[in-house]
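# Overview (structure and organization)
Okay, here's what each chain looks like letter by letter:
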Amino acid sequence: MDSLCCQLATSDIISICDIVITSILGIWIAVGVQRSLTKNRYLREYFISELNNIRDEYKQFFSDIYESRLNAKSIKDRLKVINVRIDSFERSIYSIYKLDDSSIQIKKVHIEIQQYITGEDEFNQQYKNDVVSFSSAIKSDILRKQSELVEAITHSVIAINSAHRRFRKSKVGRAN
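## Looking at the overall build of the protein chain
When its secondary structure is counted, the protein chain shows six helices and two strands. Taken from the N to the C terminus, the helices and strands of the protein chain come in the order α-α-α-β-α-α-α-β. Scored against the burial criterion, the 176 residues of the protein chain give a buried share of 29%.

## Let's talk about the packing of aromatic side chains
Following the criterion strictly, the structure yields eight aromatic pairs and no others. Seen in terms of ring centroids, Phe47 and Tyr97 are 6.1 Å apart; in terms of plane orientation they differ by 70°. Their pairing is edge-to-face. In this pair, Phe47 sits in helix H2 (residues 10-66) while Tyr97 sits in strand E1 (residues 97-98), placing the two residues 50 residues apart along the sequence. For Tyr97, a relative accessible area of 0% corresponds to the buried category. Between Phe61 and Phe62, the aromatic rings sit 5.8 Å apart at their centres with planes inclined by 50°, giving tilted as the arrangement. Of the two residues, Phe61 and Phe62, both sit in the buried class. The side chain of Lys145 reaches across the aromatic face of Tyr116, ending 5.3 Å from its centre.

## Points about the side chain of Asp64
The topology assignment puts Asp64 in helix H2. Residue class for Asp64 comes out buried when judged on its relative accessible area of 7%. Here the side chain of Asp64 touches Arg78 through a polar contact of 2.6 Å, side chain to side chain.

Definitions and limits used
- Residues numbered from 1 in each chain as written.
- Predicted model: local features only at pLDDT ≥ 70, side-chain atom pairs only at ≥ 80, totals over all residues.
- Heavy atoms only, no water.
- Helix = DSSP H or I, 4+ residues; strand = E, 2+ residues; numbered from the N terminus.
- Buried < 20%, exposed > 50% of the residue type's maximum accessible area, 1.4 Å probe, protein only.
- Phe/Tyr/Trp six-rings, centres within 6.5 Å; stacked < 30°, edge-to-face > 60°.
- Lys NZ or Arg CZ within 6 Å of the ring centre and 35° of its normal.
- Polar contact = N/O pair within 3.5 Å; in protein donor to acceptor, adjacent residues only side chain to side chain.

Set out below in structure tokens:
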């Protein structure tokens, strides 16, 4: 073994060190990049999952409206709950990803739906009834608005998948 070390020239030792260091750096970079990509993918999947939950909640809401299972107070309450979820979602998504204000339009469509339903004469005339039953014409309009919501959710998924993360500097140790 000693004879092998003595027979290696300085250039051989440098080449071996170069291979070892390059290998270590390559593995370290690959692991780091993979970890970063995994974190980003999980975050995207979380937001997309939240969009699916909002879509499912709206789907059940629309089904209940079409089947005349809700009273006016329940309709208003469910719209408020959905509003809070959408508001929280959009605040989070804009704080994490670089998106322009037109990328995520769910809140805008939700407000249109909320104003349309609660502003309808049929809704207000049946406010104290056990259930609110909308006419076919109103249900058709609601169905059209539901379609707009699905489209807004689809565009949001696309925006999330193509967005870049914001990188913030740490506030640790900074004076306010």
